[in-house]
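Each chain is listed here by its residues.
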Amino acid sequence: TSSYDNGTDFLLYDGECPFCSAYVKMTRLKDAGVKLQLLNAREHTDLVEKFAAQGFEIDSGMVMQLGGATYFGADVMHAVTALTTPASFFNRLNKVLFSNRSFARFVYPGLRAARNLTLRLMGRKLIRP
């Protein structure tokens, strides 16, 4: 487990998933002035287990803790749209797609399935098989 500043807001994602990693980089949260630790779930097994015990299974979605609230899966993507600036094409597209919570929840299972299939094709294991 790598270091994590307990009490700090964070986004917990799969660092071995090319989609998750690209999403985290492309949202450019730090450029928007958002103080959010970006944590690779594969390096933070203690947090993965903590949230799994609360019903937030990391292989089913990212987990974000922000201002005392916990977000999971599609709700993470929805919340991130409020945190980013429209400075890049990706962030404008992200805002159009995921600012609607219902749409985010509708499309998220497909994104998760694409992630799981990609990991399998790349020979990578799930975080919590």
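Look above for the structure.
Residues numbered from 1 in each chain as written. Predicted model: local features only at pLDDT ≥ 70, side-chain atom pairs only at ≥ 80, totals over all residues. Heavy atoms only, no water.

Colleague: Give a detailed account of the sheet that holds strand β3 (residues 63-66), specifying residues and quantitative values.
Modeller: Across the sheet, four strands lie side by side as β2-β1-β3-β4; this open sheet has mixed pairing. This sheet does not close on itself; its edge strands, each paired only once, are β2 (37-40) and β4 (69-72). Direction aside, neighbouring strands of the sheet carry axes that sit 15 degrees apart on average. Pairing between strand β1 (residues 10-13) and β2: four bridges, direction parallel. The partner of leucine 12 across the bridge, within β2, is leucine 39. (Pairing = 2+ DSSP bridges. Helix = DSSP H or I, 4+ residues; strand = E, 2+ residues; numbered from the N terminus. Axes fitted to C-alpha atoms, helices over the stretch in contact; angles between N-to-C directions.)

Colleague: Which residues make up the side chain of threonine 118, and what values go with them?
Modeller: Tracing the backbone through its elements, the reader meets threonine 118 in helix α5 (residues 101-121). Beyond its immediate stretch of four places on either side in the chain, threonine 118 contacts Pro18 and Phe19. (Contact = heavy atoms within 4.5 Å.)

Colleague: I'd like a rundown of the packing of aromatic side chains, residues and numbers included.
Modeller: All chains considered together, the criterion is met by four aromatic pairs. One aromatic cluster is present, built from ring pairs that chain together Phe10, Phe51, Phe56 and Phe72. (Phe/Tyr/Trp six-rings, centres within 6.5 Å; stacked < 30°, edge-to-face > 60°.)

Colleague: Outline the packing of helix α3 (residues 74-83) against helix α4 (residues 89-98), listing residues and values.
Modeller: At a closest axis distance of 9 Å, the pairing of α3 and α4 adopts a crossing angle of 130 degrees. Compared by their axis directions, α3 and α4 come out oblique. In this structure, α3 crosses over α4, and the sense of that crossing is left-handed. Where α3 abuts α4, its residues Met77, His78, Val80, Thr81 and Ala82 lie against Asn94, Lys95 and Phe98. Taken together, the residues of the contact of α3 with α4 sort by class into four nonpolar, three polar and one charged. (Parallel < 35°, antiparallel > 145°, perpendicular 65-115°, else oblique. Left-handed = near helix turned anticlockwise from the far one by under 90°. Nonpolar A, V, L, I, M, F, W, Y, C, P; charged D, E, K, R; others polar.)

Colleague: Account for α4, naming residues and giving values.
Modeller: Along α4, the positions that sit buried rather than exposed are Asn91, Asn94 and Phe98. Looking straight down α4, one finds its buried side chains confined to an arc of 60 degrees; they lie on one side. Away from its buried face, by an angle of more than 90 degrees, α4 presents the exposed residues Phe89 and Val96. On its buried face, α4 is in contact with α1 (18-26), α3 and α5. (Buried < 20%, exposed > 50% of the residue type's maximum accessible area, 1.4 Å probe, protein only. Arc of directions from axis to C-beta.)

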